[in-house]
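These are the residues of each chain, in order.
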Amino acid sequence: MIRIPFNRPYATGDELDYIRVAIAAPKFSGDGSFTAQCHLLLEQSLGIQKALLTTSCTHALEMAALLLNIGPGDEVIIPSFTFPSATNAFVLRGAKPVFVDIRADTLNIDESQIEQRITAHTKAIFLVHYAGVGCEMDTIMAIAHRHQIAVVEDNAHGLYGRYRGHYLGTLGPLAALSFHETKNFSCGEGGALLINDEQFNQRAEVLREKGTDRSRFFRGEIDKYTWIDVGSSYLPSDLLAAFLCAQLEHREQIQSMRRQIWQTYARELASWAKTNGVRLPVVPPECDQSYHMFYLIMPSFEARQALISHLAGLGILAVFHYLPLHLSPMGLRFGGRQGDCPVTEDLADRLVRLAFFTGMSSSEQAQVIDAVRAFHCQEA
Ligand SMILES: *Cc1c(COP(=O)(O)O)cnc(C)c1O
């Protein structure tokens, strides 16, 4: 029996009221008043010029690939240790992933290995701020400028995290957020495209509205709308935006609850980690993290599996994370080979994520901590 889940969706209490308002409104399809409110909230809280809600982070990444005109023959640099969404976004357009290894400390793309992978065909770098800890963006943006390639931030983990004081998702020309139920802020399924270069504004609206200029028509800027580009249906219902709006309005409360849970794990597991040869997450001084997850790097694959089953025996769910993309069935089709990304291959086998969710009670967390402390690594 599961006593403590890995994740439990959280509601602030305002969601139902907002959904009632949305239902009573003259329209609750996409781009209603709650969607507008979410756009404003994101733009103002992040200090950016444009945010567009999407049906998922995956779809925001697809929009990014379309906006960058990524196509057949192009190459895109991506860490092997990430979720498949970003890779699919450009593989769907006919481009090829070029997998780069990660740094052993933050598990983010290893910026020192990017430049050697750039060729005349490289169109973009799609990176992820793993666990909401920023990538080494100064170095990465300098490389991107030098080679005239775009940077897309998959910021599914990192909303309100910062790198050198700048919010994650505001550093590259395009960034994607996720509001999937496992993320810090949620509406079940949802996402957003953040646009930090206004040259993309108008086309992004068109791609999101089935390749039409309907957004301009609704604003009264044109008197009819028509098919002007490729596109799809990337805008969520205003009912979902109503739910999300309640979450974004409570961002400080949600983040402070998560901060407290994260800090409790770090404090209470420090000495256990030391005696058992376990590594806790590393947050470099230039990064303010988003408190998205708490992971452990175990001394071996066997120790990781043993901890997961020890916790499962006590009704506590703990889970591993990404399998290296270059060794996945799709990655192999793009030429991935064992040994290409040794740090990814090693850490993916040893990482385990502990139960971590907004609204986790202190007694639930104490049970997880006690259960982890009762586990002893054989090798240590
Ligand atoms: C969750 C996640 C996604 C996918 O988000 P959806 O909103 O479910 O499409 C993409 N990238 C990363 C890094 C994620 O964690």
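Calculation rules
Residues numbered from 1 in each chain as written. Predicted model: local features only at pLDDT ≥ 70, side-chain atom pairs only at ≥ 80, totals over all residues. Heavy atoms only, no water. Domains from an automatic or database assignment. Contact = heavy atoms within 4.5 Å. Buried area = accessible area lost by both parts, 1.4 Å probe. Near = heavy atom within 4 Å. Polar contact = N/O pair within 3.5 Å; in protein donor to acceptor, adjacent residues only side chain to side chain. Areas by Shrake-Rupley, 256 points an atom, 1.4 Å probe, with all protein chains shown as cover. 1 Å grid on protein atoms, 1.4 Å probe; cavity = no way out; pocket = protein on both sides within 12 Å on 5 of 7 lines; lining within 4 Å. Sits in = over half its atoms within 2 Å of the grid points. Pairing = 2+ DSSP bridges. Helix = DSSP H or I, 4+ residues; strand = E, 2+ residues; numbered from the N terminus. Axes fitted to C-alpha atoms, helices over the stretch in contact; angles between N-to-C directions. Points joined across faces, edges and corners; volume = space filled by probe spheres on them. Nonpolar A, V, L, I, M, F, W, Y, C, P; charged D, E, K, R; others polar. Buried < 20%, exposed > 50% of the residue type's maximum accessible area, 1.4 Å probe, protein only. Salt bridge = Lys/Arg side-chain N within 4 Å of Asp/Glu carboxyl O. Patch = residues over 30% accessible without salt bridge, like charges linked within 9 Å, V, L, I, M, F, W, Y side chains within 5 Å.

*Asks:* How do you make sense of the domain arrangement of the protein chain when you look at a structure like this?
*Replies:* The accessible area lost on association of the parts is a frequent measure of interface size. Examined at the domain level, the protein chain breaks down into domain 1 (15–249) and domain 2 (251–379). A C-alpha centroid distance of 26 Å is found between domain 1 and domain 2. Contacts between domain 1 and domain 2 engage 44 residues on the former and 36 residues on the latter. Both faces combined, the contact of domain 1 with domain 2 buries some 3,300 Å², and carbon together with sulfur accounts for 61% of it. It is F81, D101 and N184 that lose the most area in domain 1 upon contact with domain 2, and together they represent 18% of the buried surface on that side.

*Asks:* What is the right way to read the site of the ligand from this model?
*Replies:* Neighbouring the ligand are 14 residues; T58, D154, H157, S178 and K183 lie closest to it. A distance of 2.8 Å is found between an oxygen atom of the ligand and a side-chain nitrogen or oxygen belonging to H157. Separating an oxygen atom of the ligand from a side-chain N or O atom of Y322 is a distance of 3.5 Å. Surface burial for the ligand is 91%, taken as the share of its 380 Å² of free accessible area covered by protein chains. Judged by the fraction of its atoms near the pocket grid, the ligand is located in the largest pocket.

*Asks:* Looking at this structure, how should I read the sheet that holds strand β8 (residues 174–178)?
*Replies:* Read across the open sheet, the seven strands follow the order β1-β9-β8-β5-β4-β2-β3; overall the sheet is mixed. Edge strands, defined here as strands with exactly one partner in the open sheet, are β1 (50–54) and β3 (96–100). Averaged over all adjacent pairs, the angle separating strand axes in this sheet is 20 degrees, with direction ignored. Here β8 pairs with strand β9 (residues 191–195) via five bridges, running antiparallel. In the strand pairing of β9, S178 is matched with G191. Running over the sheet, helix α2 (residues 33–46) touches β1, β8 and β9 and is turned about 135 degrees from β1.

*Asks:* Explain the layout of surface pockets here, please?
*Replies:* Estimates place the volume of the largest pocket at around 490 Å³. In terms of lining, the largest pocket is formed by 26 residues, of which the most central are F83, S178, H180, T182 and K183. When the residues that make up the lining of the largest pocket are grouped by side-chain class, the tally is nine nonpolar, 12 polar and five charged. The two domains that each donate at least three residues to the lining of the largest pocket are domain 1 (15–249) and domain 2 (251–379). Space inside the second largest pocket adds up to approximately 270 Å³.

*Asks:* Please explain the side chain of N201 as it appears in this structure.
*Replies:* With respect to the element layout, N201 can be found in helix α6 (residues 201–208). A relative accessible area of 18% means that N201 is categorised as buried.

*Asks:* Would you take a moment to explain the pattern of salt bridges for this structure?
*Replies:* Side-chain pairs of opposite charge can arise whenever the charged atoms involved come near each other. Counting across every chain of the model gives 20 salt bridges. Between R103 and D105 there is a salt bridge, with the nearest N and O atoms lying 2.8 Å from each other. When its relative accessible area of 18% is taken as the criterion, R103 is described as buried. Given the relative accessible area of 28%, D105 is considered partly exposed.

*Asks:* So what exactly am I meant to see when it comes to the side chain of Q255 here?
*Replies:* Structurally, Q255 is set in helix α9 (residues 251–276). Judged by relative accessible area, Q255 falls into the buried class, the value being 8%. A polar contact of 3.0 Å, which involves the side chain of Q255, links it to the side chain of N184. Residue contacts for Q255: discarding those within four places in its chain leaves L159, Y160, N184, F185 and S290.

*Asks:* What should I look at first to understand helix α4 (residues 84–91) in this one?
*Replies:* Residues spaced three or four apart along an α-helix point in a common direction, a consequence of the helix completing one turn every 3.6 residues. Most of α4 is tucked away: six of the eight residues are buried. Those residues of α4 lying buried are S85, A86, T87, A89, F90 and V91. Residues of α4 that are buried in the fold lie against α3 (57–67), β2 (75–79), β3, β4 (122–128), β5 (150–154) and α11 (329–333).

*Asks:* Just to check I follow, could you spell out a nonpolar patch on the surface for this structure?
*Replies:* A surface patch of nonpolar side chains, amounting to about 290 Å² of accessible area, comprises F217, F218 and Y225. With respect to the helices and strands, F218 occurs in helix α7 (residues 214–218). Taking the relative accessible area as the measure of exposure, F218 reaches 51% and is therefore exposed.

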